[in-house]
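Below are the chains, spelled out letter by letter.
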Amino acid sequence: MKNLLKKVFVLGLASAMLLLSGCGGKQTSNSSVKGTAAQSTTIQKYHWKMVTSWPKNFPGLGMAPEKFAKHVNEMSGGRLTIQVYGAGELVPGFEVFDAVSQGTVQMGHSGAYYWKGKIPASPLFGALPFGMTATELNAWLYYGGGMELYREMYKPFGIIPMAGGNTGAQFGGWFKKEINSMDDLKGLKMRIPGLAGDVLKKAGAIPVNLTGGEIFSSLQSGAIDATEWVGPYNDLAFGFYQAADYYYTSVWHEPSAGLEFLINEKAFNSLPKDLQQIIIVAARAVNEDTLDEYNARNNSALKTLVEEHHVKLRQFPPAVLAQLKKYTAEVMAEQAAKDAGFAKVWKSYSEFLANIRSYNDLTLKEYYKNR
Ligand code: CA
């Protein structure tokens, strides 16, 4: 038995050497070929699938997972490759969480607030009306205890979440008619996910949840009266200006929108430590890169919308924003009373926000006025 194994090993080594001598560089010496061949028999490669909630290769949102996969592939020397799928290619956009939780795929890329039916606290890790900006959210996640809570909330589902990009402040959305008072929100059918939908419900509107790819046709057909999506860079790509005249610049419902990588816990734990670290570092890099891209490209897209497509920019009246803020406080209190997980995360979030806000009010808020 021992001799047989030895023969198999020697045969395997010889064929690996033949293979390498056929495709290797000309300068390779015999001894280094041997070394490479012996090593290559022990290298384990991993091929993962990542499903997303975005159209394949969509600017910003859809490119974040593509960039992540490229980083991981290159940093690991091809030991971990990740195939990225657009919404609907393997699973629908809103089934990303389940696919990762069940282990159908190893990874997903999406937005945390889509899972508020499963994890009431999830929107707090992504986008919250009148909540944190992107830099504040990242500070909380990485240095304020947010990431520990994020992981705690997703653990029962066998998922490790990682911050996976941020769009920065989002526009108030596209409307077919102007919003001059709270009355104009009554009966309005608007695509708006997350807790902002609950806030609008209090105002008498009808919030609708649609994935990105479903919005344009719904707005054009009149199935919905209004929609929010992201901001100029992404909204221009979907062509919403063809279906609604008024574009509200007011930031209220998503002062930042954190995207997320969802990783099946068992798949992650099965990786060697260096590949795990590559995933962590690549996620952190893409998290920042996405925000940088939106910041760089939003305003030129806004110019195109106004100058070429004659979009009418509007702001919500202060009285409307004040009322929406009041409703937001009510939604927060109701959610915290209903769910212990939400209450725990909200305590951490709101304390951190109060703290960082007082600093930002002293510094950046004044600076924005003065520069
Ligand atoms: Ca949005």
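Rules used throughout
Residues numbered from 1 in each chain as written. Predicted model: local features only at pLDDT ≥ 70, side-chain atom pairs only at ≥ 80, totals over all residues. Heavy atoms only, no water. Donors = N, O, S within 2.8 Å, 3.2 Å for Na, K, Ca; no water. Tetrahedral: all angles 85-135°; square planar, octahedral: opposite > 155°, others 65-115°. Helix = DSSP H or I, 4+ residues; strand = E, 2+ residues; numbered from the N terminus. Buried < 20%, exposed > 50% of the residue type's maximum accessible area, 1.4 Å probe, protein only. Pairing = 2+ DSSP bridges. Contact = heavy atoms within 4.5 Å. Polar contact = N/O pair within 3.5 Å; in protein donor to acceptor, adjacent residues only side chain to side chain.

(A) Region of interest: the coordination of the calcium ion. Distances from the calcium ion to its protein donors, Q170 (OE1), E228 (OE), E228 (OE), W229 (O), E254 (OE) and E254 (OE), fall at 2.1 to 3.1 Å. In this structure, the calcium ion is surrounded by six donor atoms whose angles at the metal cover 44 to 164°, and the resulting shape is irregular. One chain supplies every donor to the calcium ion, and in sequence these donors are spaced Q-x57-E-W-x24-E. Pair noted here: Q170 is in the loop between β4 (159-166) and β5 (173-175) and W229 is in the loop between β8 (226-227) and α9 (232-238), with a separation of 59 residues, a long-range link.

(B) Spotlight on the pairing of strand β3 (residues 107-111). In terms of burial, β3 is a largely internal element, five of the five residues being buried. In β3, alternate side chains face the same way, and those of M107, H109 and G111 on one face and G108 and S110 on the other are all buried. Where strand β1 (residues 46-52) meets β3, three bridges bridge the pair, whose relative direction is parallel. Directly across from T52, in β3, lies its bridge partner H109. Pairing of β3 with strand β10 (residues 258-264) involves five bridges; the strand directions are antiparallel.

(C) View of the environment of K116. If you trace the backbone, K116 turns up in the loop between β3 and α5 (134-143). Taking C-alpha positions, K116 is 7.0 Å from G194, a pair spaced 78 residues apart along the chain. When near neighbours in sequence (up to four residues on either side) are disregarded, K116 contacts S122, P123, G194, L195 and D198. Polar side-chain contacts of K116 include one of 3.0 Å to the side chain of D198.

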